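Here is how the chains run, residue by residue.
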Amino acid sequence: MYAKLQNIKVQPLPHFSSGDIHTDILRLDLLHPVVSGNKWFKLKYYLSEALAGNYHTLASFGGAYSNHIVATAFAAREAGLTSIGYIRGEKTTPLSPTLRNAMEYGMKLEYVSREAFRHTESIMAATADSGIYWVREGGFGTLGAKGAADILSVTDTSSYSHIICAVGTGTMLAGLVQAALPHQQLVGISVLKNHFGLEQEVGSLLPQKEEQASFTIEQDFHFGGYAKHPQELIRFMQDLWAQEQLPTDIVYTSKLLYAVKQLLALPYFPAGSRLLLIHSGGLQGNASLPAGTLPFS
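A few points on the structure. The shown structure was predicted, so the numbers you read here are calculated from the model rather than taken from an experiment.

## Some words on the side chain of Ser 190
Mapped onto the elements of the fold, Ser 190 is located in strand S8 (residues 185-190). Using a relative accessible area of 0% as the deciding quantity, one classes Ser 190 as buried. A distance of 3.1 Å separates the side chain of Ser 190 from the backbone oxygen of Leu 192, its partner in a polar contact. Not counting residues within four places of it along the chain, the set of residues in contact with Ser 190 comprises Val 167, Leu 198, Ile 217, Glu 218, Gln 219, Phe 221 and His 222.

Here is the structure:
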């Protein structure tokens with residue numbers, strides 16, 4: 001299998017730790033250069049089901065800078081499947097680096113108006129080919145959450161009081177909640193502006209059981225919306241590399257780290273807390289920046 005779990009490591013973050021709070025980050029980005037971070041975890045059970053059902057095509061949805069789209073394209077190719085990406089908005093010239101890469105991995109791109117994209121059920125219903133296996137945007141669904149739950153089995157995470165991740169669709173957060181111990185607090189950092197239905201969407205993926213880790217979602221660190229990256233965020237990413245040798249992306253992980261830095265200063269976390277941040281990968285999103293913007297590739 002192309003994914004290499006042995007590459008994943010826990011990296012201490014000294015500049016995010018103090019005398020009574022310790023912070024580490026789980027480097028899922030080291031798993032694979034394309035199907036990076038949580039993408040492999042969220043896709044793996046969908047892929048297994050598609051192969052078991054003898055489907056010939058994997059189809060999914062996303063925007064022009066979607067990590068999920070390019071990961072789906074690569075994963076489908078590796079599994080011997082063709083792929084289709086339904087892309088939000090009109091085709092632009094030149095294509096984003098993400099969409100160029102997806103096409104290089106064999107994905108056929110279909111562009112959908114933003115209005116039509118809100119009704120993905122209609123898109124799926126209008127496609128008569130029974131050999132297409134559909135995966136929702138970002139891998140959203142119970143199988144995606146099941147895969148994300150496996151993230152916490154990569155290493156022993158039982159000593160952490162808080163597990164913190166960036167949130168798009170909420171699929172990874174739902175999986176982490178399922179896998180976390182009851183005493184652990186999950187904190188999601190939303191990268192979407194005014195997406196106040198996230199709690200409900202995460203909850204829809206959770207099984208009903210008496211004892212389960214609790215979660216909260218912080219909404220104040222999106223920097224203007226999905227993939228928005230003002231200069232303040234770019235400077236933070238540059239400083240983070242200088243201090244911690246930690247590469248981040250403009251969509252998810254930079255906003256996660258920025259949020260944690262701000263929350264530590266409040267203080268948000270009780271004394272004695274042990275924090276585990278999840279590096280969800282997706283560094284390919286940085287390819288949209290001018291060359292030389294970031295000190296890491």
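Once you've had a look at it, read on.
## Quick notes on the packing of helix H1 (residues 38-52) against helix H6 (residues 142-149)
Packing of H1 against H6 leaves a shortest axis separation of 6 Å and a crossing angle of 125 degrees. Taken together, the axis directions place H1 and H6 in an arrangement best described as oblique. For the element pair H1 and H6, the recorded crossing hand is right-handed. Taken together, the residues of H6 that come into contact with H1 (itself represented by Phe 41, Lys 42, Lys 44, Tyr 45, Tyr 46 and Glu 49) are Thr 142, Leu 143, Gly 144, Lys 146, Gly 147 and Ala 148. The residue inventory of the contact of H1 with H6, partitioned by class, reads 5 nonpolar, 3 polar and 4 charged.

## Comments concerning the packing of aromatic side chains
Scanning all chains against the criterion turns up 13 aromatic pairs. Judged by centre distance (5.1 Å) and plane angle (80 degrees), the rings of Trp 40 and Phe 41 are edge-to-face. The same class applies to Trp 40 as to Phe 41, namely buried. Seen in terms of ring centroids, Tyr 268 and Phe 269 are 4.9 Å apart; in terms of plane orientation they differ by 70 degrees. Their pairing is edge-to-face. What makes Phe 269 buried here is its relative accessible area of 5%. Above the ring of Tyr 252, the side-chain terminus of Lys 39 is found at 5.7 Å from the ring centroid.

Conventions and cut-offs
Residues numbered from 1 in each chain as written. Predicted model: local features only at pLDDT ≥ 70, side-chain atom pairs only at ≥ 80, totals over all residues. Heavy atoms only, no water. Helix = DSSP H or I, 4+ residues; strand = E, 2+ residues; numbered from the N terminus. Buried < 20%, exposed > 50% of the residue type's maximum accessible area, 1.4 Å probe, protein only. Polar contact = N/O pair within 3.5 Å; in protein donor to acceptor, adjacent residues only side chain to side chain. Contact = heavy atoms within 4.5 Å. Axes fitted to C-alpha atoms, helices over the stretch in contact; angles between N-to-C directions. Parallel < 35°, antiparallel > 145°, perpendicular 65-115°, else oblique. Left-handed = near helix turned anticlockwise from the far one by under 90°. Nonpolar A, V, L, I, M, F, W, Y, C, P; charged D, E, K, R; others polar. Phe/Tyr/Trp six-rings, centres within 6.5 Å; stacked < 30°, edge-to-face > 60°. Lys NZ or Arg CZ within 6 Å of the ring centre and 35° of its normal.

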